[in-house]
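# Observations on the three-dimensional arrangement
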Amino acid sequence: EKKEKKEKEKEKKEKKEKEREKKEKGAKREQKRKDKKRKKDKTEPVQRSVVTGKRIKRMVGASADSAGEARRQAMLAHMNEGEGETWGREEPPRSEAQELVTKAQSDPVLMRELMERGHAAQRAKQQRLSNLMQSSFQTHRDYTSDV
C-alpha cells in the first residue's frame with residue numbers, strides 16, 4: 001500500500017511538473033510571438049551598411065551624436081553631388097522637331113525641303129562609310145603587298 005501511495009504521489013508530482021513546464025513553454029512562446037510582432041510594427045526604417053548589409057544602430061534623441069550625424073550628412077551630400085547632370089551630347093528638344101514636322105505636313109514646299117535635307121544627310125553618311133571602307137581596303141592592300 002505504501003509503495004502504491006508513493007508511486008501515485010510520484011506520478012502526481014511528475015504530472016504537475018510536466019504541466020508547469022508546458023505552461024512555461026507556452027508563456028515563452030507567447031512572449032517570443034509578441035516580441036516578433038513588436039519588431040514588425042516598427043515604423044522607423046532600418047539603416048543598413050552599404051558594404052556589409054548589417055543593421056546600423058544609432059541613438060535617437062538628446063544623447064545622439066550630432067557631430068557624427070552632421071559629418072555623415074556632409075559625406076552623403078558629397079557622394080551624391082552631380083547626380084542630376086547629364087553626360088555626353090545633349091539631344092535637341094523634341095518639341096521643335098515635332099513642330100517642324102506638323103508645319104511640313106500642311107506646307108508642301110517645307111516638306112520638300114525637309115525631304116531633300118534628309119536625302120542629303122543620308123548620301124553624306126553613305127559617302128563617309130564608303131570612304132572608310134575604301135581606306136581600310138587600301139590599307140589592307142598596302143600591308144599585304146609589303147609582306
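It should be noted that the structure appears before, not after, this text.
Attention in this report is confined to the structure presented alongside it. Computed from a predicted model, the values in this text were never measured in an experiment. (Residues numbered from 1 in each chain as written. Predicted model: local features only at pLDDT ≥ 70, side-chain atom pairs only at ≥ 80, totals over all residues. Heavy atoms only, no water.)

When you go through the protein chain residue by residue, the secondary structure sums to four helices and zero strands. Secondary structure elements of the protein chain occur, N-terminal to C-terminal, as α-α-α-α. Every one of the 147 residues in the protein chain was classed for burial, and the buried ones make up 2%. For the protein chain, the computed accessible surface area is about 15400 Å², with 53% contributed by carbon and sulfur atoms. (Helix = DSSP H or I, 4+ residues; strand = E, 2+ residues; numbered from the N terminus. Buried < 20%, exposed > 50% of the residue type's maximum accessible area, 1.4 Å probe, protein only. Areas by Shrake-Rupley, 256 points an atom, 1.4 Å probe, with all protein chains shown as cover.)

Moving on: a positive patch on the surface. Taken together, Lys25, Lys28, Arg29, Lys32, Lys36, Lys39, Arg48, Arg55 and Lys57 make up a surface patch of like positive charges. Relative to the helices and strands, lysine 28 is located in helix α1 (residues 2–40). Accessibility expressed as a relative area gives 57% for lysine 28, which makes it exposed. (Patch = residues over 30% accessible without salt bridge, like charges linked within 9 Å, V, L, I, M, F, W, Y side chains within 5 Å. Salt bridge = Lys/Arg side-chain N within 4 Å of Asp/Glu carboxyl O. Lys, Arg positive; Asp, Glu negative; His and termini not counted. Charge placed at Lys NZ, Arg CZ, Asp CG, Glu CD.)

This part covers the pattern of salt bridges. Per the counting criterion, the structure on display carries four salt bridges. Two residues, glutamate 24 and arginine 20, come together in a salt bridge whose shortest N-O distance is 3.0 Å. Here arginine 20 and glutamate 24 lie together in helix α1, a separation of four residues that amounts to about one turn. The exposure class assigned to arginine 20 is partly exposed, which follows from its relative accessible area of 40%. When salt bridges with common partners are traced through the structure, they connect Glu17, Arg20 and Glu24 into a single cluster.

Using a probe with the size of a water molecule, rolled over the atoms, empty space left in the structure can be pinpointed. Taken as a whole, the second largest pocket spans an internal volume of roughly 210 Å³. Taken together, Gln47, Arg58, Glu69, Arg71, Arg72, Gln73, Met75, Leu76 and Met79 make up the lining of the second largest pocket. In terms of residue class, the lining of the second largest pocket is built from three nonpolar, two polar and four charged. (1 Å grid on protein atoms, 1.4 Å probe; cavity = no way out; pocket = protein on both sides within 12 Å on 5 of 7 lines; lining within 4 Å. Points joined across faces, edges and corners; volume = space filled by probe spheres on them. Nonpolar A, V, L, I, M, F, W, Y, C, P; charged D, E, K, R; others polar.)

Turning to a negative patch on the surface, a few remarks are in order. Negative charge collects at one region of the surface, where Glu1, Glu4, Glu7, Glu11 and Glu14 lie side by side. Relative to the helices and strands, glutamate 14 resides in helix α1. You can call glutamate 14 partly exposed: its relative accessible area is 45%.

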